[in-house]
Amino acid sequence: MSDPLSFGLRDQAAAIARGTLSAVELTRAALERIAARDGAVQAVVHLDAEAEARALRAAGRIDGMARADRPPLAGTGLGVKDIIDVAGQPTGCGSHAHPGADPQTGPAAAAARDAASVAALRGAGMIPLAKLATYEYALTGPAWDQPDPPARNPWNLAHITGGSSSGSAAAVAAGYLRAALGTDTGGSIRAPAAYCGIVGLKPSQGAVPDAGCFPLAPSLDVIGPLAATVEDAALVMAHLAPASAADRDLGRGIAGLRIGYARDWFAHDPQTHPDLLRAMDDMAARVTLLGAELRLVALPDYQPIEDAASVILQAEALAVHRAGLSVRFGRYGVDARRNLMTGAVLTPGDVAAARRTGARFRAAVDAVLSDHAAILAPTTLGPAPAFAAFAQGAVWTAMRTMPFNLSGHPALSLPCGLTHGLDTAGDRTGNTARDRAGPLPLGCQLIGRHGDERTLCRIGDALERATPPLPRPLPWSMP
Amino acid sequence: MQNDPGTGDRDPGAPLTPEAFRRHLASLGIAAPEADLLAALPAARILRRKARAAGAAP
């Protein structure tokens, strides 16, 4: 293999199984790629010599196994968002407030054991390589008062990756790894995947064990993969939650399925980027070209659903951090602590009402999905904003993600196109004339029935194969 | 999530004042500096409006 990192997880593992590639070679290639590029991308927050040696030893053990004994993803690399424990590596949560993470008292302590999700993937043969950047406590960003600087978008280093799984998206988009773990509480897997031109799968609520992952809002949180392709994401999901059988129907096509298109949910929103609307309509056309039936479907008004999800998120996040804020207030980043404080104005009645709204929304989506295999909608309403915009104050990044954390439905984000350089949304996204010279990725999402990641990945795989691949996302001069 | 109704503003339609916001936080054991309190106040007001809108959603 000339560039083993350019092959999918299935092909990497197959080459290792055949003996045409060694796990040590693959691991070394990933470490060299990280060393060459991460000075610019800033996706990695922890990868020291000991962690590198540990990864190479794990690869060596795989190479030493009898071929028949090698697990299905043997020797493939894995990145892990830095709120998820990896045995032997610190979990910093992107915060000076995290116990042990204060620079005056030394680095955060190494985790004693893998999180359940990491353990599942290690059992499938994946090798955790690097801890990856996160917005502070998976909450808000980008921010410059965290222990590490924000990850940068490989498509244009002047732009954000989105978050909070910022490093996971950047690491995959920059070609270090085929897959990384992230978490999604309001869009934190799907939005950075869309902004960075990769795939992000938010599993059904409760599908993936969360032990060993620091919570943001426990009733909304879910761990899932960010990956280079739908197949890579499906393979990881199939090992995170074997009951999902997420990889079982890849390559089957979608002829005969009925898919809903929630066009009215975003097309008339003034925040919708014109190139996004074109890309979404193109994706809808592919559904019919592939032999599926496309129907326009109506979902409940968006804003009250997002409001309800925000209420629950802020209430639960404050409950998680209440004790920390009471004793370490000043060690939280400015944006994170001010965001957390807002939850104090909510009452239990507010939260109960928000949950009732969520239940009604879930029922409405279930009703649509009772005679549709999935719903097509955008992930974000435009491309990644420029960092420069955040220096002038808060930036609203319009999305369509939070409602499905509230309803618990699985959702798969995949690339659907690019912006065409100069555009009318420049001022809204904070792009400067110079930034606008290059295209940026746009993402759509498929929402599926509870527990049916299998069909979701089947549809996403078919649409991905029918969509022109994005060019290599490295417009900057890098090895 | 806990909130002490005795320390906050009881009328949900009334504007959230800095004093009420401070009492909400104090009831949770959080002593926020004035600068943080004032900076977070607009977002707290928006969140309260969101709570009302979410609760009134059909």
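Note that the structure is a prediction, hence the values are computed from the model and not measured.

## Remarks on helix 9 (residues 302–328) of chain A
The end-to-end C-alpha distance of helix 9 of chain A is 36 Å, a good match for the 39 Å that 27 residues give at a rise of 1.5 Å each. The largest bend in helix 9 of chain A comes to about 55°, at H321 of chain A.

## Observations concerning the interface of chain A and chain B
Listed by partner, the interface residues are 28 residues for chain A and 29 residues for chain B. Summing the contributions of chain A and of chain B, the shared interface buries around 2,400 Å²; its carbon and sulfur component is 69%. Area buried by chain A at its contact with chain B is led by R322, M341 and V345 of chain A, which between them contribute 26% of it. Where chain A packs against chain B, one counts two salt bridges. The shortest N-O distance in the salt bridge between R337 of chain A and D36 of chain B comes to 2.9 Å.

## Here's the deal with empty space enclosed by the protein
Residue and element names in this part refer to chain A. The full count for this structure, using the stated rule, is one cavity of 30 Å³ or more. Of the volumes computed, that of the largest cavity is approximately 70 Å³. Every residue lining the largest cavity is counted, 13 residues in all, and those nearest its centre are L5, L26, A30, G77 and L177. Listed by contribution, the elements that provide at least two residues to the lining of the largest cavity are helix 1 (9–18) and helix 2 (23–41). Among the elements that line the lining of the largest cavity, the one with the most residues is helix 2, at three residues. Partitioned by chemical class, the residues of the lining of the largest cavity number seven nonpolar, five polar and one charged.

What counts, and where the lines are drawn
Residues numbered from 1 in each chain as written. Chains lettered and ligands numbered in written order. Predicted model: local features only at pLDDT ≥ 70, side-chain atom pairs only at ≥ 80, totals over all residues. Heavy atoms only, no water. Helix = DSSP H or I, 4+ residues; strand = E, 2+ residues; numbered from the N terminus. Expected span 1.5 Å × (residues − 1). Bend = angle between axes of the 7 residues up to and from the residue. Contact = heavy atoms within 4.5 Å. Buried area = accessible area lost by both parts, 1.4 Å probe. Salt bridge = Lys/Arg side-chain N within 4 Å of Asp/Glu carboxyl O. 1 Å grid on protein atoms, 1.4 Å probe; cavity = no way out; pocket = protein on both sides within 12 Å on 5 of 7 lines; lining within 4 Å. Points joined across faces, edges and corners; volume = space filled by probe spheres on them. Nonpolar A, V, L, I, M, F, W, Y, C, P; charged D, E, K, R; others polar.

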